Amino acid sequence: MNMTSRTTSPLDSPVPRRAVFLDRDGTINEEKDYLWRTEDFVFIPGAPEAIRRLREAGYLVIVVTNQSGVARGYFGMAEVEALHRHMQRELARFGTAVDGFYVCPHHPTAGRGEYRRECDCRKGRPGLLLQAAAEHGIDLANSFMVGDKRADVEAGRRAGARGPRTGGPARAPPAAGRRGPAAAPRRAPGGGGPVRPPRARPTRPPPPARPAAPPARAASATRRRNTASS
Ligand SMILES: [Zn+2]
């Protein structure tokens, strides 16, 4: 059973690639319970621009998402994949795309049938990230997991990726192919002047050296969202 879909092929290059793994609901698009209708899909403001900037900075952008609505029988993988095609069409209007979608359709106790089981891919387990890393040749130690729930932080940590954590300020990612702390994604390459950083905080890697604030916000977001439904 193929539970994931890819929109790009791994490069032949043996050089490991860096990625930013993004949660979907509540991070890229507005959180709605068991979202599957394309007409209900709404980007969080700034998210498409953040995705574009990350890719311009040399990162793969990989979506990793728990969709237990499949296990619960609310919708099928075909609907999940249709929603992701819709997201790609919308991102194209911003001149960007996602490099891969990885989906956990399972739930350990809800629903019935093949999707009701303990799996390795439901975040906070690291399976989706590990699968994406294997398929895209991703260097996890130089990659980031960004999401709005504790399960996202935990999945990233267990996969060996970096990301906002409670307990201390996170470090900024080095920009691929550039040097210096002021490099992208804060600034568009050759784009004629500074570009505002995206407002959707969860879709952005942790900013450099702002003690306490980003982890605190991440932690509070995690607590707020911890009981959400996905
Ligand atoms: Zn799973």
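Small disclaimer: the values here were computed from a predicted structure and weren't measured.

Calculation rules
Residues numbered from 1 in each chain as written. Predicted model: local features only at pLDDT ≥ 70, side-chain atom pairs only at ≥ 80, totals over all residues. Helix = DSSP H or I, 4+ residues; strand = E, 2+ residues; numbered from the N terminus. Buried ≥ 20, exposed ≤ 12 C-beta atoms within 10 Å, placed from the backbone. Contact = placed C-beta atoms within 7 Å. Pairing = 2+ DSSP bridges. Right-handed = clockwise from strand over helix to strand, strands pointing away. Core = buried A, V, L, I, M, F, W, Y, C linked by C-beta atoms within 7 Å. pLDDT = per-residue confidence, 0-100.

Draft legend 1. Spotlight on the overall build of the chain. Across its full length, the chain carries six helices and five strands. Going from the N terminus to the C terminus, the chain shows its helices and strands as β-β-α-β-α-α-β-α-β-α-α. Evaluated residue by residue, the chain yields a buried proportion of 43% over its 230 residues.

Draft legend 2. Structural view of the environment of Y115. Structurally, Y115 can be placed in the loop between β4 (100-104) and α4 (127-136). Judged by the 23 C-beta atoms lying within 10 Å of it, Y115 is buried. Put simply, Y115 and S68 are 47 residues apart on the chain and 8.4 Å apart in space, counted from C-alpha to C-alpha. The contacts of Y115, once residues within four sequence positions are left out, are V70, A71, P105, H106 and H107.

Draft legend 3. Quick look at the pairing of β4. Counted residue by residue, β4 has five buried out of five residues, so it is predominantly covered. A two-sided burial pattern is seen for β4, the buried positions comprising G100, Y102 and C104 on one face and F101 and V103 on the other. Bridge count for strand β3 (residues 60-66) against β4 is five bridges, and the pairing is parallel. Bridged to I62 within β4 is G100.

Draft legend 4. Region of interest: unusual backbone geometry. Cis geometry is found at the peptide bond from K123 to G124, where omega equals -15°. Positive phi values are uncommon outside glycine, yet Y34 reaches one of about 50°.

Draft legend 5. Focus on the pairing of β3. Across the seven residues that make up β3, a large majority, seven, are buried. As paired elements, strand β2 (residues 19-22) and β3 share four bridges and run parallel to each other. By the bridge assignment, V20 is partnered in β3 with V61. What joins β2 to β3 is helix α1 (residues 47-56), and the crossover it makes is right-handed.

Draft legend 6. Focus on the nonpolar core. In terms of nonpolar packing, the biggest core is built from 43 residues, with V20, F21, V61, I62 and L129 touching the most fellow members. For L129, the residues in contact, after removing those within four places along its chain, are F21, V64, L140, M145, A155, G156, A159 and A161.

Draft legend 7. Examining helix α5 (residues 150-159) more closely. Every buried residue of α5 is accounted for by A151, D152, V153, A155, G156 and A159. Looking at the residues trailing α5, positive phi occurs at G160, about 90°.

Draft legend 8. Highlighting α1. Taken across its 10 residues, α1 has eight buried, putting it largely inside the fold. Of all the residues in α1, the buried ones are A47, P48, E49, A50, I51, R53, L54 and R55. Taken from the residues just after α1, G58 is the one with a positive phi, measuring 100°.

Draft legend 9. Structural context of the confidence of the model for the chain. Mean pLDDT over the chain stands at 78; residues scoring 70 or higher make up 65%. Within the model, pLDDT remains below 50 along residues 165-228, and this stretch shows 100 contacts once partners closer than five positions in the same chain are excluded.

Draft legend 10. Representation of the environment of F41 within the structure. Structurally, the position occupied by F41 is in the loop between β2 and α1. In this structure the C-alpha to C-alpha distance between F41 and E90, which are 49 residues apart in sequence, comes to 9.9 Å. Among residues more than four places away in sequence, those in contact with F41 are N29, L35, L83, H86 and M87.

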